[in-house]
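One-letter residues, chain by chain:
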2 protein chains.
Amino acid sequence: MKIAILGGTGEQGPGLALRWALAGEEIIIGSRSRERAEKVAAELNAELGESRIRGLENPQAAQEAELVVLTVPYPAHLSTLETVKSQLQGKIFVDVSVPLDPENPRRMKMPPEGSATEEAQAFLGPDTKVVAAFQNVSAHLLREPHHPIECDVLLCGNDAEAKRTVSGLVAKMGLQAYDVGPAESARVVEGLTSLLIRLNIRHKVKGSGIRLTGLPR
Amino acid sequence: MKIAILGGTGEQGPGLALRWALAGEEIIIGSRSRERAEKVAAELNAELGESRIRGLENPQAAQEAELVVLTVPYPAHLSTLETVKSQLQGKIFVDVSVPLDPENPRRMKMPPEGSATEEAQAFLGPDTKVVAAFQNVSAHLLREPHHPIECDVLLCGNDAEAKRTVSGLVAKMGLQAYDVGPAESARVVEGLTSLLIRLNIRHKVKGSGIRLTGLPR
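What you see is a predicted model, and the numbers here were worked out from it, not measured in a lab.

Draft legend 1. Summary view of the overall build of chain A. On a plain count of helices and strands, chain A comes out with 8 helices and 11 strands. Relative to the compact-globule value of 17 Å for 217 residues, chain A shows a C-alpha radius of gyration of 16 Å, a close match. Its C-alpha atoms put chain A at 40 × 40 × 35 Å along the principal axes. In chain A, which comprises 217 residues, the proportion classed as buried is 59%. At a minimum sequence separation of 6, the contacts of chain A that also span at least 24 residues come to 71%. Of the accessible surface of chain A, which amounts to about 8,900 Å², a share of 49% is contributed by carbon and sulfur atoms. Taking the 25 positively charged and 27 negatively charged side chains of chain A as two groups, their mean positions are separated by 5 Å.

Draft legend 2. Molecular detail of the packing of helix α8 (residues 186-203) of chain A against helix α8 (residues 186-203) of chain B. Running from N to C, α8 of chain A and α8 of chain B point in directions that differ by 140°, and their axes come no closer than 9 Å. Judged by the angle between their axes, α8 of chain A and α8 of chain B are oblique. Seen from above, α8 of chain A lies across α8 of chain B with left-handed handedness. Along its contact with α8 of chain A, which presents V188, V189, G191, L192 and L195 of chain A, the element α8 of chain B presents V188, V189, G191, L192 and L195 of chain B. Residue composition of the contact of α8 of chain A with α8 of chain B, by class: 8 nonpolar, 2 polar and no charged.

Draft legend 3. Here's a closer look at the relation of the copies chain B and chain A. Of the two same-sequence chains, chain B is brought onto chain A (RMSD 0.0 Å, axial shift 0.0 Å) by a rotation of 180°. Between the two chains, the operation in question is that of a two-fold axis. Taken as a fraction of all interface residues of chain B, those also at the interface in chain A reach 100%, which identifies the copy contact as same-surface.

Draft legend 4. Examining the pattern of salt bridges more closely. Residues and elements named next belong to chain A. All chains considered together, the criterion is met by 28 salt bridges over all chains. For E43, the salt bridge identified is with K39, shortest N-O distance 3.1 Å. Taken together, the residues E43 and K39, both in helix α2 (residues 34-48) and 4 residues apart, mark about one turn of the helix. For K39, a relative accessible area of 48% translates into the label partly exposed. A network of salt bridges, in which partner residues are shared, links E150, D152, R211 and R217.

Draft legend 5. View of the packing of helix α4 (residues 77-88) of chain B against helix α5 (residues 116-124) of chain B. Residue and element names in this part refer to chain B. At a minimum axis separation of 10 Å, α4 and α5 run at an interaxial angle of 40°. In terms of their interaxial angle, α4 and α5 are classed as oblique. As α4 runs across α5, the sense of the crossing is right-handed. Together, H77, L78, L81, E82, K85 and L88 of α4 and A116, E119, A120, F123 and L124 of α5 make up the contact between the two elements.

Draft legend 6. Inspection of the sheet that holds strand β10 (residues 177-179) of chain A at higher detail. Residues and elements named next belong to chain A. Pairing within the open sheet is mixed, and its 8 strands lie in the order β3-β2-β1-β4-β5-β8-β9-β10. Looking at the sheet topology across the chains shown, the edges are occupied by β3 (53-57) and β10. Going from strand to strand, the sheet's axes swing by 25° on average, the running direction of each strand aside. Bridging between strand β9 (residues 153-157) and β10 involves 3 bridges; their strand directions are parallel. Opposite V153, over in β10, you have A177 as the bridge partner. Docked against the sheet, helix α1 (residues 13-22) engages β1 (2-6), β2 (26-31), β3 and β4 (67-70), running at close to 170° with respect to β1.

Draft legend 7. Structural context of the environment of P75 of chain B. Residues and elements named next belong to chain B. When you line up the elements, P75 lands in the loop between β4 (67-70) and α4. Accessibility expressed as a relative area gives 70% for P75, which makes it exposed. In this structure, the C-alpha to C-alpha distance between P75 and L100, residues 25 residues apart in sequence, is 9.1 Å.

Draft legend 8. Structural context of the sheet that holds strand β1 (residues 2-6) of chain B. Residues and elements named next belong to chain B. Read across the sheet, 8 strands follow the order β3-β2-β1-β4-β5-β8-β9-β10 without closing on themselves; strand pairing throughout is mixed. In this open sheet, the two strands that pair with only one neighbour each are β3 (53-57) and β10 (177-179). Here the strands of the sheet are splayed against their neighbours by 25° on average, with no regard to which way each runs. Pairing between strand β8 (residues 129-132) and strand β9 (residues 153-157): 2 bridges, direction antiparallel.

Draft legend 9. Main features of the packing of aromatic side chains. Residues and elements named next belong to chain A. For the structure on display, the rule yields 2 aromatic pairs over all chains. Judged by centre distance (5.7 Å) and plane angle (80°), the ring pair of W20 and F134 falls under edge-to-face. One end of the pair, W20, is in helix α1; the other, F134, is in the loop between β8 (129-132) and α6 (139-142), and 114 residues separate them in sequence. Each member of the pair W20 and F134 is classed as buried. Its guanidinium or amino end placed over the ring of F123, K85 lies 4.8 Å from that ring's centre, counting from NZ or CZ.

Draft legend 10. Here's a closer look at the side chain of D95 of chain B. All names here are of chain B. Position of D95 among the secondary structure elements: in strand β5 (residues 92-95). We note that D95 is buried and unpaired, the nearest opposite charge coming from R187 at a distance of 13 Å. Within the local environment of D95, its side chain forms a polar contact with the side chain of H77, the two groups lying 2.7 Å apart. When sequence neighbours within four positions are dropped, the list of residues in contact with D95 reads L70, H77, A116, T117, A120, V130, V131, A132, A133 and Q135.

Draft legend 11. Here's a closer look at the side chain of S138 of chain A. Residues and elements named next belong to chain A. Assignment of secondary structure puts S138 in the loop between β8 and α6. With a relative accessible area of 9%, S138 lands in the buried category. Within the structure, the side chain of S138 is placed 3.1 Å from the backbone nitrogen of L141, a separation counted as a polar contact.

Cut-off values and rules
Along each chain, residues carry numbers from 1 onward, in the same order as the chain's sequence is written. Whichever chain is written first becomes A and whichever ligand is written first becomes 1, with later ones labelled in order. This being a predicted model, a pLDDT of at least 70 is required before a residue's local features are given, and a value of 80 or more before pairs of side-chain atoms are given or counted; all residues contribute to the totals for chains, interfaces and linings. Just so you know, side-chain values use all the structure's heavy atoms and leave hydrogens and water out. Only DSSP runs of H or I covering at least 4 residues are called helices, and only runs of E covering at least 2 are called strands; the numbering of each starts at the N terminus. Throughout, the radius of gyration refers to the C-alpha atoms, and the reference size of a globule is 2.2 Å times the residue count to the power 0.38. Accessibility here uses a 1.4 Å probe with only protein chains present; expressed as a share of the type maximum, an area under 20% marks a residue as buried, one over 50% as exposed, and anything in between as partly exposed. Contacts between residues were defined by any pair of non-hydrogen atoms, one from each residue, lying within 4.5 Å. Working definition of accessibility: Shrake-Rupley area with a 1.4 Å probe, residue cover restricted to the visible protein chains. His is not counted here, nor are the chain ends, while Lys and Arg score as positive and Asp and Glu score as negative. We put the charge of a Lys on NZ, of an Arg on CZ, of an Asp on CG and of a Glu on CD. Only the stretch in contact is used when fitting a helix axis, every axis being a line fitted to C-alpha atoms; angles between N-to-C directions are given from 0 to 180 degrees. Oblique is the label for any angle not under 35 degrees, not over 145, and not in the 65 to 115 range, which are roughly parallel, roughly antiparallel and roughly perpendicular in turn. Put simply, a crossing is left-handed when the front helix is turned counterclockwise from the back one by less than a right angle, and right-handed when it is turned clockwise. Under the scheme applied, nonpolar residues are Ala, Val, Leu, Ile, Met, Phe, Trp, Tyr, Cys and Pro; charged residues are Asp, Glu, Lys and Arg; polar residues are all the others, including Gly. All copies are superposed by least squares; the fitting set is the C-alpha atoms of residues with a pLDDT of at least 70 in both. Any carboxyl oxygen of Asp or Glu within 4 Å of a side-chain nitrogen of Lys or Arg constitutes a salt bridge here. In this description, strands pair whenever DSSP reports at least two bridges between them. Note on aromatic pairs: the rings of Phe, Tyr and Trp (six-membered ring only in Trp) are paired at centre separations within 6.5 Å, and the planes decide the class, stacked below 30 degrees, edge-to-face beyond 60, tilted for the rest. Lysine and arginine charges are scored as sitting over a ring when NZ or CZ, respectively, is within 6 Å of the ring centre and within 35 degrees of the ring normal. Two N or O atoms count as a polar contact when they lie within 3.5 Å, although within protein this holds only if one can serve as hydrogen donor and the other as acceptor, and sequence-adjacent residues are included solely when both atoms are side-chain atoms.

As structure tokens, then:
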């Protein structure tokens with residue numbers, strides 16, 4: 001599948017790009033700057049030893065891809081969506097954003113819609129299938145593509161089929177996804193990230209995560 | 001330690017009572033009806049094979065105990081707190097309540113304070129140390145005291161020492177507690193329960209839970 005990762009030069013983008021590229025997907029790194037996107041794509045291809053990742057500006061990346069992922073820091077969430085709204089119509093859009101309080105990342109500062117996921121769905125409209133995913137996965141661990149990650153991926157969204165598609169892409173990375181309900185469930189899943197940041201700080205680690213138990217794997 | 005479990009005749013109370021009694025704690029089951037509390041206490045003592053559990057009305061139970069736990073269904077949260085407010089002053093109060101939407105337990109219906117934990121802290125005042133705990137632990141698994149539980153206990157509250165005390169009591173049950181921050185963090189931890197209920201329904205199980213990963217155990 002052709003996957004664009006908007007804001008793909010930031011914290012979580014390169015790890016997602018590498019892991020999907022290793023699983024055989026075709027990746028486009030999106031950025032506000034094409035030059036920056038191309039530079040990061042070249043670095044990742046060098047790491048891969050083959051050329052599976054390209055760099056483009058966000059709107060072109062979103063246009064070319066079948067499925068689009070957003071990994072910008074939350075203050076750029078809505079402003080980035082504004083630049084790609086038309087390109088996302090009819091597509092699955094995977095939102096990784098977490099509305100952390102800019103003054104204290106151990107707290108949330110939720111948008112009026114309740115969560116970043118609900119904000120995105122409201123802004124993009126019903127023809128874009130928004131699926132929230134990966135918010136709880138440590139960027140640090142994600143970036144080391146051969147390091148196993150002990151963290152499940154909780155999927156939220158209003159379209160069951162879109163969640164099944166994303167679940168398959170999560171599995172290709174060697175992770176387990178669970179459908180935890182509609183977009184509204186993202187209030188909890190996004191919020192969990194601030195608790196994990198808090199635990200990382202308290203225990204001086206970089207990769208706390210969560211596993212669901214008592215369920216089929 | 002002398003522990004009262006208010007609403008202890010309901011879903012989670014008997015499991016907590018049995019597990020703590022087995023660990024050597026002295027337990028008082030509280031209920032609106034003393035008769036009902038005594039009946040459940042007698043049943044649990046029969047199961048234990050010794051008499052470590054008594055039954056009392058909620059206010060007397062709260063009065064006698066050093067630490068008080070509340071496990072009533074959320075619609076009885078505030079009305080029960082009203083009956084024991086003076087008895088809880090100066091004590092640690094462990095709130096297990098989850099504000100599920102009465103019309104759909106897969107959704108939350110949070111009080112204006114943000115969570116049941118914050119509501120309790122606001123109502124009881126600063127001289128009661130409110131600690132949220134056990135919301136994500138399956139009542140079904142808790143009730144089988146020799147069945148190991150694969151679920152961590154996330155502690156929220158504004159008093160670090162009170163959380164350390166509760167952490168010790170969690171450990172006595174063979175579970176692992178993690179301090180995930182102030183009372184406000186309970187918005188996430190309580191919310192997680194609705195996602196676990198959703199997963200239980202979807203996967204036809206009774207005991208889904210969560211484990212934190214990447215942290216010292």
